[in-house]
Amino acid sequence: IGSWVYILLLTSVTILGWVLGKFDFSIGKTTLTIAVFAYPFRYFIANIITKKYGYKEAMNGISYSACLLLLFAIVASLFGQHDVDYVPLTGELFGYMLSQMINLSIYYYLLINTKDDKIPYLGSYIAAMLVDTLVSMLFASRLVVLASFWRTYFVTILIQAIISIFLIYFDDKKIYNPRKK
(Lines give C-alpha, C1' and ligand atoms only; values in the text may rest on other atoms or scores of the structure.)
Protein backbone atom coordinates (compact mmCIF):
# COMPACT_ATOMS: atom_id res chain seq x y z
CA ILE A 1 0.00 0.00 0.00
CA GLY A 2 1.41 3.37 -0.97
CA SER A 3 1.38 6.45 1.22
CA TRP A 4 -1.34 7.97 -0.96
CA VAL A 5 -3.86 5.44 0.44
CA TYR A 6 -3.19 6.63 3.98
CA ILE A 7 -3.21 10.26 2.87
CA LEU A 8 -6.60 9.68 1.22
CA LEU A 9 -7.84 8.08 4.46
CA LEU A 10 -6.50 11.03 6.47
CA THR A 11 -8.24 13.45 4.09
CA SER A 12 -11.50 11.51 4.35
CA VAL A 13 -11.43 11.53 8.15
CA THR A 14 -10.58 15.26 8.16
CA ILE A 15 -13.50 16.11 5.86
CA LEU A 16 -15.80 13.74 7.79
CA GLY A 17 -14.88 15.54 11.01
CA TRP A 18 -15.73 18.90 9.46
CA VAL A 19 -19.09 17.60 8.21
CA LEU A 20 -19.90 15.97 11.56
CA GLY A 21 -19.16 19.32 13.21
CA LYS A 22 -22.57 20.46 11.96
CA PHE A 23 -24.40 17.99 14.24
CA ASP A 24 -24.71 18.57 17.99
CA PHE A 25 -25.48 16.49 21.05
CA SER A 26 -25.58 17.35 24.74
CA ILE A 27 -24.01 15.91 27.85
CA GLY A 28 -25.61 17.68 30.77
CA LYS A 29 -25.13 21.42 30.21
CA THR A 30 -22.41 20.87 27.62
CA THR A 31 -23.21 20.87 23.91
CA LEU A 32 -20.68 19.13 21.67
CA THR A 33 -20.49 18.22 18.01
CA ILE A 34 -20.33 14.64 16.80
CA ALA A 35 -16.94 15.52 15.27
CA VAL A 36 -15.43 14.96 18.71
CA PHE A 37 -15.47 11.24 17.93
CA ALA A 38 -13.67 11.55 14.57
CA TYR A 39 -10.79 13.85 15.47
CA PRO A 40 -8.57 11.39 17.41
CA PHE A 41 -8.49 9.22 14.29
CA ARG A 42 -6.74 12.05 12.40
CA TYR A 43 -3.78 11.81 14.75
CA PHE A 44 -3.79 8.02 14.63
CA ILE A 45 -3.68 7.97 10.80
CA ALA A 46 -1.00 10.69 10.68
CA ASN A 47 1.06 8.63 13.12
CA ILE A 48 0.71 5.56 10.91
CA ILE A 49 1.98 7.60 7.95
CA THR A 50 4.89 8.78 10.09
CA LYS A 51 5.79 5.23 11.09
CA LYS A 52 5.54 3.79 7.60
CA TYR A 53 6.80 6.65 5.43
CA GLY A 54 8.46 9.21 7.69
CA TYR A 55 7.79 12.66 9.08
CA LYS A 56 8.08 14.49 5.75
CA GLU A 57 5.49 12.30 4.05
CA ALA A 58 3.13 12.70 7.03
CA MET A 59 3.44 16.49 6.85
CA ASN A 60 2.77 16.35 3.10
CA GLY A 61 -0.35 14.29 3.81
CA ILE A 62 -1.55 16.77 6.41
CA SER A 63 -1.01 19.64 3.97
CA TYR A 64 -2.93 17.81 1.24
CA SER A 65 -5.79 17.00 3.57
CA ALA A 66 -6.02 20.62 4.79
CA CYS A 67 -6.07 21.92 1.20
CA LEU A 68 -8.71 19.39 0.19
CA LEU A 69 -10.80 20.29 3.25
CA LEU A 70 -10.72 23.93 2.14
CA LEU A 71 -11.63 22.92 -1.42
CA PHE A 72 -14.45 20.74 -0.11
CA ALA A 73 -15.80 23.63 1.98
CA ILE A 74 -15.74 25.97 -1.02
CA VAL A 75 -17.51 23.44 -3.23
CA ALA A 76 -20.03 22.73 -0.45
CA SER A 77 -20.80 26.43 -0.15
CA LEU A 78 -21.23 26.78 -3.92
CA PHE A 79 -23.62 23.84 -4.23
CA GLY A 80 -25.14 23.86 -0.76
CA GLN A 81 -28.06 25.85 0.55
CA HIS A 82 -26.04 27.53 3.28
CA ASP A 83 -22.95 29.65 3.08
CA VAL A 84 -19.87 28.37 4.85
CA ASP A 85 -18.71 30.53 7.73
CA TYR A 86 -15.03 30.94 6.91
CA VAL A 87 -13.93 32.25 10.31
CA PRO A 88 -14.53 28.91 12.11
CA LEU A 89 -13.23 27.06 9.06
CA THR A 90 -10.02 29.10 9.19
CA GLY A 91 -9.70 28.27 12.89
CA GLU A 92 -10.27 24.62 12.21
CA LEU A 93 -7.64 24.56 9.44
CA PHE A 94 -5.14 26.49 11.54
CA GLY A 95 -5.84 24.33 14.61
CA TYR A 96 -5.57 21.18 12.52
CA MET A 97 -2.22 22.13 10.96
CA LEU A 98 -0.72 23.39 14.23
CA SER A 99 -1.92 20.42 16.26
CA GLN A 100 -0.70 17.93 13.69
CA MET A 101 2.74 19.57 13.67
CA ILE A 102 2.84 19.31 17.47
CA ASN A 103 1.55 15.73 17.43
CA LEU A 104 3.99 14.56 14.79
CA SER A 105 6.95 16.35 16.33
CA ILE A 106 6.32 14.70 19.70
CA TYR A 107 5.42 11.37 18.12
CA TYR A 108 8.47 11.34 15.84
CA TYR A 109 10.74 12.09 18.79
CA LEU A 110 9.13 9.31 20.82
CA LEU A 111 9.28 6.90 17.90
CA ILE A 112 13.04 7.34 17.65
CA ASN A 113 13.99 7.74 21.32
CA THR A 114 11.71 5.50 23.38
CA LYS A 115 10.90 1.85 23.74
CA ASP A 116 7.43 0.46 23.09
CA ASP A 117 5.80 2.23 26.07
CA LYS A 118 2.38 3.50 24.96
CA ILE A 119 1.79 6.15 27.63
CA PRO A 120 4.06 8.76 25.94
CA TYR A 121 2.16 8.21 22.68
CA LEU A 122 -1.06 9.05 24.50
CA GLY A 123 0.64 12.26 25.63
CA SER A 124 1.31 13.24 22.01
CA TYR A 125 -2.36 12.70 21.14
CA ILE A 126 -3.57 14.74 24.12
CA ALA A 127 -1.12 17.59 23.49
CA ALA A 128 -2.33 17.81 19.90
CA MET A 129 -6.00 17.69 20.93
CA LEU A 130 -5.48 20.43 23.53
CA VAL A 131 -4.11 22.75 20.85
CA ASP A 132 -6.55 21.76 18.09
CA THR A 133 -9.62 22.08 20.27
CA LEU A 134 -8.54 25.38 21.82
CA VAL A 135 -7.68 27.05 18.50
CA SER A 136 -10.80 25.74 16.76
CA MET A 137 -13.08 26.79 19.61
CA LEU A 138 -11.52 30.25 19.87
CA PHE A 139 -12.10 30.89 16.17
CA ALA A 140 -15.61 29.39 16.28
CA SER A 141 -16.56 31.62 19.21
CA ARG A 142 -14.81 34.60 17.55
CA LEU A 143 -12.57 34.95 20.61
CA VAL A 144 -15.55 35.38 22.93
CA VAL A 145 -14.95 33.09 25.90
CA LEU A 146 -18.08 32.41 27.92
CA ALA A 147 -18.42 30.29 31.05
CA SER A 148 -19.53 27.31 28.96
CA PHE A 149 -16.41 27.57 26.78
CA TRP A 150 -14.09 25.87 29.28
CA ARG A 151 -16.65 23.23 30.24
CA THR A 152 -17.08 22.33 26.57
CA TYR A 153 -13.31 22.40 26.04
CA PHE A 154 -12.52 19.99 28.87
CA VAL A 155 -15.38 17.60 28.11
CA THR A 156 -14.23 17.49 24.49
CA ILE A 157 -10.65 16.71 25.55
CA LEU A 158 -11.87 14.04 27.98
CA ILE A 159 -13.92 12.24 25.30
CA GLN A 160 -11.08 12.43 22.80
CA ALA A 161 -8.56 11.18 25.38
CA ILE A 162 -10.75 8.15 26.11
CA ILE A 163 -10.94 7.36 22.38
CA SER A 164 -7.17 7.86 22.12
CA ILE A 165 -6.55 5.35 24.92
CA PHE A 166 -8.15 2.71 22.72
CA LEU A 167 -6.28 3.87 19.61
CA ILE A 168 -2.82 3.62 21.18
CA TYR A 169 -3.32 -0.12 21.63
CA PHE A 170 -3.20 -0.41 17.83
CA ASP A 171 -0.05 1.69 17.74
CA ASP A 172 2.51 -0.97 18.46
CA LYS A 173 4.96 -1.61 15.61
CA LYS A 174 7.92 0.57 14.83
CA ILE A 175 8.08 0.29 11.07
CA TYR A 176 9.97 3.37 9.95
CA ASN A 177 13.26 4.24 11.63
CA PRO A 178 15.13 7.17 10.06
CA ARG A 179 18.37 6.21 11.80
CA LYS A 180 18.52 2.98 9.80
CA LYS A 181 18.68 4.81 6.45
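As shown above, the structure is provided for reference.
Overview of the structure. (Residues numbered from 1 in each chain as written. Predicted model: local features only at pLDDT ≥ 70, side-chain atom pairs only at ≥ 80, totals over all residues. Heavy atoms only, no water.)

Side note on the packing of helix H3 (residues 55-79) against helix H4 (residues 86-113)
Between H3 and H4, the least distance of the axes is 11 Å, while the angle of their chain directions is 170°. Put simply, H3 runs roughly antiparallel to H4. Remark: the crossing between H3 and H4 carries right-handed chirality. Facing Tyr-55, Ala-58, Met-59, Ile-62, Ser-63, Ser-65, Ala-66, Leu-69, Leu-70, Ala-73, Ile-74 and Ser-77 of H3, the residues of H4 in contact are Tyr-86, Leu-89, Glu-92, Leu-93, Tyr-96, Met-97, Gln-100, Met-101, Leu-104, Ser-105 and Tyr-108. When its residues are assigned to classes, the contact of H3 with H4 shows 17 nonpolar, 5 polar and 1 charged. (Axes fitted to C-alpha atoms, helices over the stretch in contact; angles between N-to-C directions. Helix = DSSP H or I, 4+ residues; strand = E, 2+ residues; numbered from the N terminus. Parallel < 35°, antiparallel > 145°, perpendicular 65-115°, else oblique. Left-handed = near helix turned anticlockwise from the far one by under 90°. Contact = heavy atoms within 4.5 Å. Nonpolar A, V, L, I, M, F, W, Y, C, P; charged D, E, K, R; others polar.)

Points about the nonpolar core
Counting residues in hydrophobic clusters, the biggest one holds 41 residues, and the most contacted among them are Ile-49, Ile-62, Leu-89 and Tyr-125. Secondary structure elements with two or more residues in this core: helix H1 (3-20), helix H2 (39-53), H3, H4, helix H5 (119-140) and helix H6 (147-167). Among the elements that make up this core, the one with the highest residue count is H4 (7 residues). With residues near it in sequence (within four places) discarded, Tyr-125 still touches Pro-40, Tyr-43, Phe-44, Asn-47, Asn-103, Ser-164, Leu-167, Ile-168 and Asp-171. (Core = buried A, V, L, I, M, F, W, Y, C linked by side-chain atoms within 4.5 Å. Buried < 20%, exposed > 50% of the residue type's maximum accessible area, 1.4 Å probe, protein only.)

A short note on the pairing of strand S1 (residues 24-27)
Direction of pairing for S1 relative to strand S2 (residues 30-33): antiparallel, over a ladder of 4 bridges. Paired with Ser-26 across the two strands is Thr-31, which belongs to S2. With antiparallel pairing between neighbouring strands as the criterion, S1 and S2 make up a hairpin whose turn holds 2 residues, including Gly-28 at a positive phi of roughly 60°. (Pairing = 2+ DSSP bridges.)

As for a nonpolar patch on the surface
Together, Tyr-64, Leu-68, Leu-70, Leu-71, Ile-74, Val-75, Leu-78, Phe-79 and Tyr-86 make up an exposed nonpolar region whose accessible area comes to about 890 Å². When residues in the nonpolar patch are grouped by element, the largest group, 8 residues, is from H3. Secondary-structure assignment places Tyr-86 in helix H4. (Patch = residues over 30% accessible without salt bridge, like charges linked within 9 Å, V, L, I, M, F, W, Y side chains within 5 Å. Areas by Shrake-Rupley, 256 points an atom, 1.4 Å probe, with all protein chains shown as cover. Salt bridge = Lys/Arg side-chain N within 4 Å of Asp/Glu carboxyl O.)

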